Amino acid sequence: MAINLVLVGLLLVAALASSAVKRELLVFWLLLIASQLFGIFHEYSFGLLGWFDINSMLVLIYMFTIMLSLGNLGELRQSYFAAYFIFLFGFLAYGVILPTLAVWSSFYYCVRESKEYLNYIAYLSVFLFIKDLKQVKNCFRFIIFFAAYFTALELLPIFLGIRSVGWLQYAYRPEQVFLTKIYIPIFTIIVFVLLCKFFYSLNNETNIKYTLSLSFYVIGVLLTFYRAYILATVFSVGAVLVTLRRVRETFYFTASAVVTLLLAIFIIFSVTPSYSFSKMVDSFFASGIYELYTGKGGSLGARKTATKGRLKLIEEKLWTGWGFLNANSEEGRKLKQAVGRTASGSIAFVDKGYVDVAGKFGVIGAVGFYGVFVLLFMKLLRIARRIGKSDPGQKELLSRLYACAALLVVFLCVQLTHAPLTRQFGILPLAMILGLLDRQLLLTSLSQEREEGRADGRASLARLALPGRIGRTALKDAS
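Conventions and cut-offs
Residues numbered from 1 in each chain as written. Predicted model: local features only at pLDDT ≥ 70, side-chain atom pairs only at ≥ 80, totals over all residues. Heavy atoms only, no water. Helix = DSSP H or I, 4+ residues; strand = E, 2+ residues; numbered from the N terminus. Buried < 20%, exposed > 50% of the residue type's maximum accessible area, 1.4 Å probe, protein only. Areas by Shrake-Rupley, 256 points an atom, 1.4 Å probe, with all protein chains shown as cover. Expected span 1.5 Å × (residues − 1). 1 Å grid on protein atoms, 1.4 Å probe; cavity = no way out; pocket = protein on both sides within 12 Å on 5 of 7 lines; lining within 4 Å. Points joined across faces, edges and corners; volume = space filled by probe spheres on them. Nonpolar A, V, L, I, M, F, W, Y, C, P; charged D, E, K, R; others polar. Axes fitted to C-alpha atoms, helices over the stretch in contact; angles between N-to-C directions. Parallel < 35°, antiparallel > 145°, perpendicular 65-115°, else oblique. Left-handed = near helix turned anticlockwise from the far one by under 90°. Contact = heavy atoms within 4.5 Å. pLDDT = per-residue confidence, 0-100.

## Structural notes on the overall build of the chain
From N to C terminus, the chain includes 20 helices and 2 strands. In the chain, which comprises 479 residues, the share counted as buried stands at 51%. Of the roughly 22,900 Å² of accessible surface on the chain, 65% is carried by carbon and sulfur atoms.

## Points about helix α9 (residues 188–203)
Between the first and last C-alpha of α9 there are 24 Å, a value that for 16 residues agrees with the 22 Å anticipated at 1.5 Å per step. Burial of α9 is extensive: 12 of the 16 residues sit out of reach of the surface. Those residues of α9 not exposed but buried are T188, I189, I190, V191, F192, V193, L194, L195, C196, K197, F198 and F199.

## Brief notes about empty space enclosed by the protein
In the structure shown here, the tally under the stated rule is 2 cavities of 30 Å³ or more. Taken as a whole, the largest cavity spans an internal volume of roughly 60 Å³. Forming the walls of the largest cavity are E113, W322, G323, F324, L325, I347, A348, D356, G359 and K360. With 3 residues, helix α17 (residues 353–390) is the largest single contributor of residues to the lining of the largest cavity. Of the residues belonging to the lining of the largest cavity, the class tally is 5 nonpolar, 2 polar and 3 charged.

## Brief notes about the packing of α9 against helix α18 (residues 395–413)
Put simply, α9 and α18 touch, their axes get as near as 8 Å, and they point 135° apart. In terms of axis orientation, α9 runs oblique to α18. Considering only the axes of α9 and α18, their crossing is right-handed. Of the residues in α18, those in contact with T188, V191, F192, L195, C196, F199 and Y200 of α9 are K395, E396, S399, R400, Y402, A403, C404, A406, L407, V410 and F411. A per-class count over the contact of α9 with α18 returns 13 nonpolar, 2 polar and 3 charged.

## Regarding the confidence of the model for the chain
Chain-level statistics for the chain give a pLDDT mean of 82 and a share of 77% at 70 or above. When mean pLDDT is taken per element in the chain, helix α6 (residues 122–129) scores highest with 97 and helix α20 (residues 468–478) scores lowest with 42. Under a pLDDT of 50 for its full length, residues 459–479 has, in the predicted model, 11 contacts with residues more than four places off or in other chains.

Structure follows, in structure tokens:
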């Protein structure tokens, strides 16, 4: 306990002090803590008094940075995404207040159960705290750095064996042949960086170095061994391209994706001839599609069994949900037996997103909750289209907007097998990225307005001070 207390205290002091001096370090510290300090410390090392954990640390950092940025609250009126987060925070309030008023749980236990959901506050923290475009650029560099680190970590066992990662505090398991699955806490940033790389390459000339970088993150996503995310990533790119009416690019991408997957499987098969090619295709690709189509099989089948008890409880509160009901609350203890031992007595379920959402907010709430992200997806694409027409030189911004829109599609698609929209590993990267994009959009528009204002000002001075032919020449130069 003493060691944990010292660790948490030192991290908080270091994070808050360094971020106050160099604001872009906020994103670095958020990712570092969420990654369990690169995997050096176990997540339980951050625990205090049975309830304080990594999410609690992150919330303290959010609140500290928001307090330092109270003078910037008025900027939320100019933001592009704040309205969507108002609804998300509304669901937070609903999930805390409902069990409290219904006397199913105390306010303390409701807040305790909502700690992962509280990571949506990262949007406010990042948007209000980050001040200029240079800081935004450095923040995205930190995101790329962590995505590269996680990808390199996934590659280590292939070349150096499982022992090379065995000392880390991440869970891992041997996969097919010589591969190893590492359970990285915020692996979804690899998906985002890959999508950024792809959408940037779509409309811009790239060199061999960039192609290798893109391939590196393709490998990173494949080595997560989350088939749902792999398939959803491919689908999300196609969905964005179709929405943009880029038919030819959609065809080329689909063909390239299939060829890449088959090539990766063939390479693995070529170095392990004892493992049949057909079995390899089934393990990495075909079985995922089969399970998605039939609802049977390893991943979906196991989840279906684990959700039986939860579904019965959800039916009891089908329209309203149970809110953030903690398993240790008064009502939570009564429901443990109905949920089942394998579920640890909790209605919340990380391995089925729609069950997690319906359990918290009910069917009506689930429709509204998912609707927010659908509208947010459409908003991102509208902004990207407008910028693409008016200022196509904003290449990195455009690629990030498209990538974030595609990431939303990924998170919506994997709701059958995962809950990234109600869990830290999805919420933190998404909220943080949207906060950075919102700040970048605001700063970019302000910069353009200043440039236009200066040009208009120069033109006005030319009209007032320099009549005749000289004035017309000055006006031409000013414009």
